[in-house]
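Architecture and fold: a report
Each chain, letter by letter, is given below.
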Amino acid sequence: MLLYALKRLAALLPTILVPMVLLFVLIRLAPGGPAGALLGDEASPEQIQALNNQLGLNEPLWRQFINFLGSLVRLDFGDSLFLKANVTGLVLDRLSVTATFVILSMIFALVLGLITATIASRSHNGPLDRILVGFAVVGNAIPSFWLAVMLIGVFAVQLRWFPVAGYAPPTDPIAWAQHLILPVFCLGVLQAAELFRYSRASMLDSMSQPFVATARSLGLSDNTIQNRYVTRMTLVPIMTVFGLSLGTLLGGAVILETLFSLPGLGQLLLTAVQRRDYPLIQGCAFFIALIMVIANLIVDLFYAAADPRIRYGKAS
Amino acid sequence: MSTLDITAPLLELNSVTVAVNRQRTTPLELVSDVSFSVTQGECLAVVGESGSGKSITAMAIAGLLEPSMQVTGSITYKSQELTELNPDQRRALAGTEIGFIFQDAMSALHPLISIKDQMIRPIRLHQGLSRKDAEQKAAELLEKVGIPPARNVLNSYVHQLSGGLRQRVMIAMALSNKPSLVIADEPTTALDAAVQGQIMELLGELRRSENLAMILISHDISVVARHSDTMAVMYAGQVVETGPTQGVINDARHPYTHALINASPERAHAPRRLPTIPGQVPTLDQLPPGCRFQPRCSFAIPDSIAPQGMTDFGGGRRARCCNPLGISA
């Protein structure tokens, strides 16, 4: 198990390196550059040339690439061209907001998804089941930005229950919660719709398994069977859904952070791309890639904990 | 085989019918007019082909049928009418009075929960023991079914156990709350021949030491002949013959019973090919009128077209046939 984890950790390196190389090439292929963005439309070609020299962007591409690899190894991406601060520091600073946002959304999605799946599967084909399935279909179909705009329109602009946008640090818990409720609900409820479908299918499948009949023949109550035996079987599919939807979650977080003006990683990345802030783009992308692969590794390791039939490292 | 004592039966089924509701048409009868009884310490074998209603009957007794299936007729256990109990009252009997041993222990045990946790939950529920005492109890039960503590089965998961060990665990679980009646639904079908014998021996020993009544569901005539006191033969949802096992096997009244026993490898007298029963079991929505075996029966007479009731032949022998074998007209 430990050996397996170490092997997987070693395999992470190329997994991160490939997107980083792609990114390095792609941002340099995109039209425009940081100098143009920094100096504005009025800048003369000479000024741009001078700034590019200063930023090291006129060096041959291979030398830039080697510098970039060096920065990867040292986890030091230099200073942001616009924010004039160390990229790693900036990213880690914003990461806490994104992490709070995504983790709260995941917890909300898990609770909502599991509860609704339990209700639906226990009233299989009943009216409640059909209504919930209908909601899940809608939830799977609507894009997060649309829901976000609707939520802001209704609950922030019309009803004024929540602030329209912005963020407050957790030192002021009430304001902090008020600012997070809408975005967390928005991201979480869509994720819950996805989770609902998988958990409901898994629960319905488990309910017809012989071990349920065994539990009933031993006099266990329906609630015990549901909560201890049937829900237990949904653990693996739930983790699969989480593993698969991590990208969607982070991608959704980028969009929603911008819509709700949350000072998170997504917002930072978006402004960095708009300004061609190469060091900041590379730093943001590196940490997002790192989070993705580590989260996937954790999901894989949790599989073994959730299902004793999965034991890594013993095969072959 | 001297079980002729006139004690009140532990379990008695009287004209039990199980029907499943269908949309727009009449309910479909899965099991029709089943009557038999089991006394304390007795082993009743229920034999028949797949789909003959053996398992449905067993599930009806144990209260494990889906809510969409309706049971009519009477099932009395210790002079309690089971069909009138509410779900909570039924649940109180499950495991404590009626134990159930399932066919395939691999799927009948939870794949993700350790054997220990699966065993102690019902023990704690019904006996109110502490976790530690329940674990102790589970270890004792495993010893009783022939699993030494050294095997560390309690901390295993079902996929780590062999077929025989799994079935022993299944038996230990079914007996964990001391039921008086155990229903074993093809307990050895999923096992290889050598292990089959061991498991049947174990069930026989436990039955004697705990004075258990047992309903043994099987399609293996040799197992039935060796281990049961009485037997009931089912065909297309009906009991077609009941009686003491030796009597039924050696001298069948119903042509189906006769044909079934002749088709068993041990009973066939050295022919190259086993005798078979021509035709197929009718599907339940296309039953023939009258005797359900009549289209396949080589002894059918014009009267077979009429509905058949059970005829009493004395000595506990009953058969659903208008032209019974072994009776000189």
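Since the structure is predicted, the reported quantities are computational estimates derived from the model, not experimental observations.

A word on the overall build of chain A
Tallying secondary structure elements over chain A gives 13 helices and zero strands in all. Written out in order from the N terminus, the α and β elements of chain A read α-α-α-α-α-α-α-α-α-α-α-α-α. Each principal axis of the C-alpha atoms in chain A carries an extent, and together these give about 85 × 60 × 35 Å. Put simply, chain A has 316 residues, and 43% of those count as buried. Put simply, of all contacts in chain A between residues at least 6 apart along the chain, 73% involve residues at least 24 apart.

Some points on the packing of helix 12 (residues 265-274) of chain A against helix 13 (residues 278-306) of chain A
Residues and elements named next belong to chain A. Contact geometry for helix 12 and helix 13: axes closest at 9 Å, N-to-C directions at 145°. Crossing angle aside, the handedness with which helix 12 passes helix 13 is left-handed. Where helix 12 abuts helix 13, its residues L265, L268, L269, A272 and V273 lie against L280, I281, C284 and I288. Its residues placed into classes, the contact of helix 12 with helix 13 shows nine nonpolar, no polar and no charged.

As for the UniProt feature "transmembrane region" (unreviewed entry) in chain A
UniProt tags residues 9-30, 97-119, 131-156, 176-196, 235-260 and 280-306 of chain A as "transmembrane region" (unreviewed entry). The span residues 9-30 of chain A shows a helical share of 95% and a strand share of 0%, and its end C-alpha atoms are spaced 32 Å apart.

Structural notes on the UniProt feature "domain: ABC transmembrane type-1" (unreviewed entry) in chain A
The positions UniProt marks with the feature "domain: ABC transmembrane type-1" (unreviewed entry) are residues 95-303 of chain A. For the annotated span residues 95-303 of chain A, helix accounts for 83% and strand for 0% of the residues, and the straight-line distance between the end C-alpha atoms is 26 Å.

A look at the interface of chain A and chain B
Taken together, the 20 residues of chain A in the interface contact 26 residues of chain B. Of the roughly 2200 Å² buried where chain A meets chain B, counting both sides, 66% is carbon and sulfur surface. For the pair chain A and chain B, the interface holds one salt bridge. R91 of chain B is the partner of D222 of chain A in a salt bridge, and the nearest nitrogen-oxygen pair spans 3.9 Å. Taken together, the links from chain A to chain B amount to seven residue pairs in polar contact (both at pLDDT 80 or more). Broken down by class, the residue content of the side of chain A that touches chain B amounts to nine nonpolar, five polar and six charged.

Some details on the pairing of strand 6 (residues 98-101) of chain B
Residues and elements named next belong to chain B. With burial as the criterion, each face of strand 6 is covered, one bearing I98 and F100 and the other bearing G99 and I101. Bridge count between strand 6 and strand 7 (residues 181-185): four bridges; the pairing is parallel. Paired with G99 across the bridge in strand 7 is V182.

Thoughts on the side chain of K116 of chain B
All names here are of chain B. Looking at where K116 falls in the secondary structure, it is placed in helix 4 (residues 115-127). Nearest to the buried, unbridged K116 among oppositely charged side chains is E135, at 4.1 Å. Contact partners of K116, with chain neighbours within four places excluded, come to R131, E135, L154 and N155.

Focus: the layout of surface pockets
Rolled over the atoms, a probe as big as a water molecule pinpoints where empty space is left. Put simply, the largest pocket is a space of about 1400 Å³. The wall of the largest pocket is formed by 37 residues, among which R216 of chain A together with L64, L65, E66 and P67 of chain B lie closest to the centre. For the lining of the largest pocket, the secondary-structure elements that each account for two or more residues are helix 5 (87-122), helix 8 (173-207), helix 9 (210-217) and helix 10 (222-233) of chain A together with helix 1 (54-62), strand 4 (69-77) and helix 2 (87-93) of chain B. Its residues assigned to classes, the lining of the largest pocket comprises 21 nonpolar, ten polar and six charged.

Points about the packing of aromatic side chains
Each aromatic ring pair is characterised by the separation of its centres together with the angle its planes make. A complete count under the given rule lists twelve aromatic pairs over all chains for this structure. For the ring pair F24 of chain A and F68 of chain A, a centre distance of 5.2 Å and an interplane angle of 25° mean the geometry is stacked. One end of the pair, F24 of chain A, is in helix 1 (residues 2-29); the other, F68 of chain A, is in helix 4 (residues 61-74), with 44 residues separating them in the sequence. Of the two residues, F24 of chain A and F68 of chain A, neither departs from the other in class, the shared state being buried. Seen from their ring centres, Y235 of chain B and Y256 of chain B are 4.5 Å apart, and the 50° between their planes marks the pair as tilted. A residue pair is termed long-range when its members are at least 10 positions apart, and Y235 of chain B in strand 9 (residues 230-235) and Y256 of chain B in helix 10 (residues 255-262) qualify at 21 residues. On the basis of relative accessibility, which here comes to 1%, the residue Y235 of chain B falls in the buried class. Chaining the aromatic ring pairs together yields one cluster made of F24, F65 and F68 of chain A. The ring of F313 of chain B is capped by R253 of chain B, whose NZ or CZ atom sits 5.6 Å from the centre of that ring.

Considering the confidence of the model for chain B
Residue and element names in this part refer to chain B. Across chain B, pLDDT averages 88, with 95% of residues at or above 70. The secondary structure element of chain B with the lowest average pLDDT is strand 11 (residues 311-314), at 87, and the one with the highest is strand 3 (residues 43-47), at 95. Note on residues 1-5: pLDDT is under 50 here. Beyond four places in sequence and across chains, it has three contacts. Scored by ipTM, the complex comes to 0.87, with pTM at 0.80.

Observations concerning the sheet that holds strand 3 of chain B
Adjacent strands of a sheet form backbone hydrogen bonds with each other and so pair up, either parallel or antiparallel. All names here are of chain B. Strand order in this open sheet of eight strands is 6-7-8-3-9-10-12-11, and the pairing throughout is mixed. Strands with a single pairing partner mark the edges of an open sheet, and in this sheet they are strand 6 and strand 11. Neighbouring strand axes in the sheet, compared pairwise and without regard to direction, differ in orientation by 20° on average. Here strand 11 pairs with strand 12 (residues 317-319) via three bridges, running antiparallel. Looking across to strand 12, one finds that G314 is bridged to R317.

Section: the environment of G146 of chain B
All names here are of chain B. Along the chain, G146 falls in the loop between helix 5 (131-144) and helix 6 (163-174). Residue G146 is classed as partly exposed on the basis of its relative accessible area of 46%. Separated by 61 residues in sequence, G146 and L85 place their C-alpha atoms 36 Å apart.

Calculation rules
- Residues numbered from 1 in each chain as written.
- Chains lettered and ligands numbered in written order.
- Predicted model: local features only at pLDDT ≥ 70, side-chain atom pairs only at ≥ 80, totals over all residues.
- Heavy atoms only, no water.
- Helix = DSSP H or I, 4+ residues; strand = E, 2+ residues; numbered from the N terminus.
- Buried < 20%, exposed > 50% of the residue type's maximum accessible area, 1.4 Å probe, protein only.
- Contact = heavy atoms within 4.5 Å.
- Axes fitted to C-alpha atoms, helices over the stretch in contact; angles between N-to-C directions.
- Left-handed = near helix turned anticlockwise from the far one by under 90°.
- Nonpolar A, V, L, I, M, F, W, Y, C, P; charged D, E, K, R; others polar.
- UniProt positions renumbered as here; feature names shortened; annotations may be inferred.
- Buried area = accessible area lost by both parts, 1.4 Å probe.
- Salt bridge = Lys/Arg side-chain N within 4 Å of Asp/Glu carboxyl O.
- Polar contact = N/O pair within 3.5 Å; in protein donor to acceptor, adjacent residues only side chain to side chain.
- Pairing = 2+ DSSP bridges.
- Lys, Arg positive; Asp, Glu negative; His and termini not counted.
- 1 Å grid on protein atoms, 1.4 Å probe; cavity = no way out; pocket = protein on both sides within 12 Å on 5 of 7 lines; lining within 4 Å.
- Points joined across faces, edges and corners; volume = space filled by probe spheres on them.
- Phe/Tyr/Trp six-rings, centres within 6.5 Å; stacked < 30°, edge-to-face > 60°.
- Lys NZ or Arg CZ within 6 Å of the ring centre and 35° of its normal.
- pLDDT = per-residue confidence, 0-100.

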